[in-house]
Amino acid sequence: MDIKRFNRKKEISLKDIDVMPVIDVPRRKNNTPVPISANMELLVSKAITQNFVPVIDDTETFIGMVKRRTIVEYCYEKMKK
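As the structure is a prediction and not an experimental result, all values here were calculated from the model.

Undergrad: Any chance you could explain the pattern of salt bridges here in plain terms?
TA: For side chains bearing opposite charge, pairing can occur when the charged atoms are close. Applying the stated criterion across every chain yields a total of two salt bridges. Among the ionic pairs, Arg69 bridges to Glu73, the shortest N-O distance being 2.9 Å. Placement of both Arg69 and Glu73 in helix α4 (residues 68-80) is noted, with a separation of four residues, approximately one turn of the helix. Between Lys80 and Glu77 there is a salt bridge, and its shortest N-O distance comes to 3.4 Å. Here the residue Lys80 and the residue Glu77 both occupy positions in helix α4, the gap between them amounting to three residues, near one helical turn.

Next up, the structure:
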């Protein structure tokens, strides 16, 4: 989504955008990551303002993400018990 928006604003050719490092594309929103060891409280606090929460390992390498929906579903199931 950010790449598409950036391309429209700058009118960059597809060839140029194909070789552009992703880090050079300005982000509209910065979703802060949590460590793999994060507890549910931290995930919920991040999900309040983010649609998804990136997860990083001990070397700060991205390993995945948790969607807000998944967090809400987990909390809902816990509440039903």
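Alright, that's what it looks like, and here's the rest.
Undergrad: How should I be thinking about the nonpolar core in this particular structure?
TA: Among the nonpolar cores identified, the biggest contains six residues, and these are Val34, Leu43, Ala47, Val53, Val55 and Ile71. Taken together, the elements giving at least two residues each to this core come down to α3 (40-47) and β2 (52-56). In this view, Val34 contacts Leu42, Leu43, Lys46, Val53, Pro54, Val55 and Ile56; residues no more than four positions away in its chain are not counted.

Undergrad: Explain the environment of Cys75 to me, please; I cannot follow it from the model alone.
TA: Tracing the backbone through its elements, the reader meets Cys75 in helix α4. For Cys75, a relative accessible area of 26% puts it in the partly exposed group. Each C-alpha atom of the pair Cys75 and Val44 lies 9.0 Å from the other, and the pair is 31 residues apart in sequence.

Undergrad: Explain the side chain of Gln50 here, please?
TA: Mapped onto the elements of the fold, Gln50 is located in the loop between α3 and β2. In this structure Gln50 comes out as buried when scored by relative accessible area, which is 4%. For Gln50, the side chain forms a polar contact with the main-chain nitrogen of Thr32, separated by 3.0 Å. The residues touching Gln50, leaving out its near neighbours within four places in the chain, are Asn30, Asn31, Thr32 and Arg68.

Undergrad: Help me understand unusual backbone geometry, please; the structure alone is not making it clear to me.
TA: With the exception of glycine, the majority of residues adopt a negative phi angle, and the majority of peptide bonds are in the trans configuration. Positioned with a positive phi, Glu60 is a non-glycine residue whose angle comes to about 65°. A residue is classified by how much of its surface remains accessible, and Glu60, at 66% relative accessible area, is exposed.

Undergrad: Sorry, what's going on with the pairing of β2 here?
TA: Counted residue by residue, β2 has four buried out of five residues, so it is predominantly covered. With respect to chirality, the unit in which strand β1 (residues 34-35) leads through α3 into the neighbouring parallel β2 is right-handed. Note that β2 and strand β3 (residues 62-67) share five bridges and pair antiparallel. Bridged to Phe52 within β3 is Lys67. Linking β2 back to β3 in an antiparallel pair, the connection comprises five residues, with Glu60 at a positive phi of about 65°.

What counts and how
- Along each chain, the written sequence defines residue order, and numbers are assigned to residues from 1.
- At least 70 in pLDDT is required for a residue's local features to be given in this predicted model, at least 80 for side-chain atom pairs to be given and counted, and no such filter applies to totals for whole chains, interfaces and linings, which use all residues.
- Working from all heavy atoms in the structure, the side-chain values ignore hydrogens and water.
- A pair is scored as a salt bridge if a Lys or Arg side-chain nitrogen falls within 4 Å of a carboxyl oxygen belonging to Asp or Glu.
- Each helix is a run of DSSP H or I of at least 4 residues and each strand a run of E of at least 2, with the numbering of both proceeding from the N terminus.
- Within this scheme, the nonpolar core is defined by two criteria: the residues are buried Ala, Val, Leu, Ile, Met, Phe, Trp, Tyr or Cys, and they are joined through side-chain atoms within 4.5 Å.
- Relative accessible area decides the class of each residue, using a 1.4 Å probe on protein chains only: under 20% of the type maximum gives buried, over 50% gives exposed, and in between gives partly exposed.
- Note on contacts: a residue pair is in contact if any heavy atoms of the two residues lie within 4.5 Å.
- The term polar contact refers here to a pair of N or O atoms within 3.5 Å; inside protein, the definition further demands a hydrogen-donor-capable atom paired with an acceptor-capable atom, and it admits residues adjacent in sequence only when both atoms are side-chain atoms.
- With the strands aimed away from the viewer, a crossover counts as right-handed if its path from the first strand over the helix to the second runs clockwise.
- DSSP-based pairing: two strands are paired if at least 2 bridges between them are found.

Without other data, these values stay purely geometric and don't point to any function.
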